[in-house]
Amino acid sequence: VVNTADLPADSLFVPALSEKVHEAKMAHRLIDWNEVFQRHRVVLIGENHLNVTVKREIVKALTNIPNLTHVALEPGFSDKRLRKQYPHFDKLMSLYDPIIEKCKRQKIETISIDIPHALKERLRGKLAASFDHASTPRGENQIELRIMGIRNSHMASKIASVVQNQPNSRILVLVGQAHID
């Protein structure tokens, strides 16, 4: 798991791979994609969705990741209707467009792994109806935590399906840091 939330905004670093957690926190180095993908078939990167730097680094790295077969993105970039309906959503999704375009050129499959936005809204409505205090901050937080759990399970099963059905797959997963924490 690569956590970019606490790292400098001008470059993408990861804690050095190490047996000791405290050593890993102390030693930072540039990502060696060969080393990472030799050891792991799936690599998760937690990000801030509005951080453009991480996305630029991913675009640069896509040519250097050996045998990468898939890039899995949390946002529902394939939902064109949603992008037209919500201008703020389109602006957010446009930050992922360079990654999607680079994947097309590199013949790397992109996968949208989150549940559809409409399903999130239906879940929110159903859960709100089942909570006595849904309109309170505590109730709203409980609803969002349950939705996050459902989303995380859905994303994990989509990634697991690729791993099981394509034994040679190498997957780079880019999701919001909250899904990893």
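Owing to the predicted nature of the structure, the values given are computational and were not obtained by experimental measurement.

What counts and what doesn't
Residue positions are given per chain, counted from 1 along the sequence in the order it is written. Thresholds applied to this predicted model are a pLDDT of at least 70 for local features of residues and 80 or more for the giving and counting of side-chain atom pairs; totals over whole chains, interfaces and linings are not thresholded and use all residues. With hydrogens and water set aside, each side-chain value is computed from the structure's full complement of heavy atoms. Helix and strand labels come from DSSP, where a helix needs a run of H or I of at least four residues and a strand needs a run of E of at least two; each type is numbered from the N terminus. Exposure classes here rest on a 1.4 Å probe applied to the protein chains alone. A residue is buried below 20% of its type maximum, exposed above 50%, and partly exposed in between. Contacts are assigned to residue pairs that have any heavy atoms within 4.5 Å of one another. To form a nonpolar core, buried Ala, Val, Leu, Ile, Met, Phe, Trp, Tyr and Cys residues must be joined to one another through side-chain atoms within 4.5 Å. We call two N or O atoms a polar contact when they sit within 3.5 Å, provided that within protein one can donate a hydrogen and the other can accept it, with sequence-adjacent residues counted only if both atoms are side-chain atoms. The predictor attaches a confidence to each residue, and that confidence, scored 0 to 100, is pLDDT. Throughout this description, the term salt bridge denotes a Lys or Arg side-chain nitrogen within 4 Å of a carboxyl oxygen of Asp or Glu. For every element, the axis is a line fit to its C-alpha atoms; helices are fit only across the contacting stretch, and the angle between N-to-C directions ranges from 0 to 180 degrees. Oblique is the label for every angle not falling under 35 degrees (roughly parallel), over 145 degrees (roughly antiparallel), or within 65 to 115 degrees (roughly perpendicular). Under the scheme applied, nonpolar residues are Ala, Val, Leu, Ile, Met, Phe, Trp, Tyr, Cys and Pro; charged residues are Asp, Glu, Lys and Arg; polar residues are all the others, including Gly.

Quick notes on the environment of Phe37
(1) Moving on: If you trace the backbone, Phe37 turns up in helix H2 (residues 33-39).
(2) Moving on: Judged by its relative accessible area of 3%, Phe37 is buried.
(3) Moving on: Sequence separation of Phe37 and Leu68 is 31 residues, and the distance between their C-alpha atoms is 8.3 Å.
(4) Moving on: With residues up to four places along the chain from it excluded, the contact list for Phe37 reads Val43, Ile65, Leu68, Arg170, Ile171 and Leu172.

Comments concerning the nonpolar core
(1) Moving on: With 23 residues, the main nonpolar core has Trp33, Phe37, Leu62, Leu68, Val71, Ile99 and Leu172 as its most contacted residues.
(2) Moving on: Elements with a contribution of two residues or more to this core: H2, strand S4 (42-47), helix H3 (52-61), strand S5 (70-73), helix H6 (97-106) and strand S7 (171-176).
(3) Moving on: Residue contributions to this core peak at four residues, all from H3.
(4) Moving on: Not counting residues within four places of it along the chain, the set of residues in contact with Leu68 comprises Phe37, Leu62, Ile108, Arg170, Ile171 and Leu172.

Some remarks on the environment of Asn51
(1) Moving on: Positionally, Asn51 belongs in the loop between S4 and H3.
(2) Moving on: From its side chain, Asn51 meets the backbone nitrogen of Thr53 in a polar contact 2.8 Å long.

Some thoughts on the confidence of the model for the protein chain
Low pLDDT marks regions whose predicted coordinates should not be analysed in detail.
(1) Moving on: Per-chain confidence: the protein chain averages 76 in pLDDT, with 72% of residues scoring 70 or above.
(2) Moving on: Confidence drops under a pLDDT of 50 for residues 1-27, and excluding neighbours within four residues, the segment shows 46 contacts in the predicted structure.

Some remarks on the pattern of salt bridges
(1) Moving on: Scanning the model with the defined rule gives eight salt bridges in all.
(2) Moving on: The partner of Lys104 in a salt bridge is Glu101, and the shortest N-O contact between them spans 3.6 Å. Here Glu101 and Lys104 lie together in helix H6, a separation of three residues that amounts to about one turn.
(3) Moving on: The partner of Arg124 in a salt bridge is Glu144, with the nearest N and O atoms 2.7 Å apart.

Notes on the packing of H3 against H6
(1) Moving on: As a packed pair, H3 and H6 sit with axes 9 Å apart at the nearest point and diverge in direction by 5°. By the angle between their directions, the pair H3 and H6 is classed as roughly parallel. For the pair H3 and H6, contact is made by Lys55, Ile58 and Val59 and by Pro98, Ile99 and Lys102, respectively.
(2) Moving on: Tallied by class, residues from the contact of H3 with H6 come to four nonpolar, no polar and two charged.

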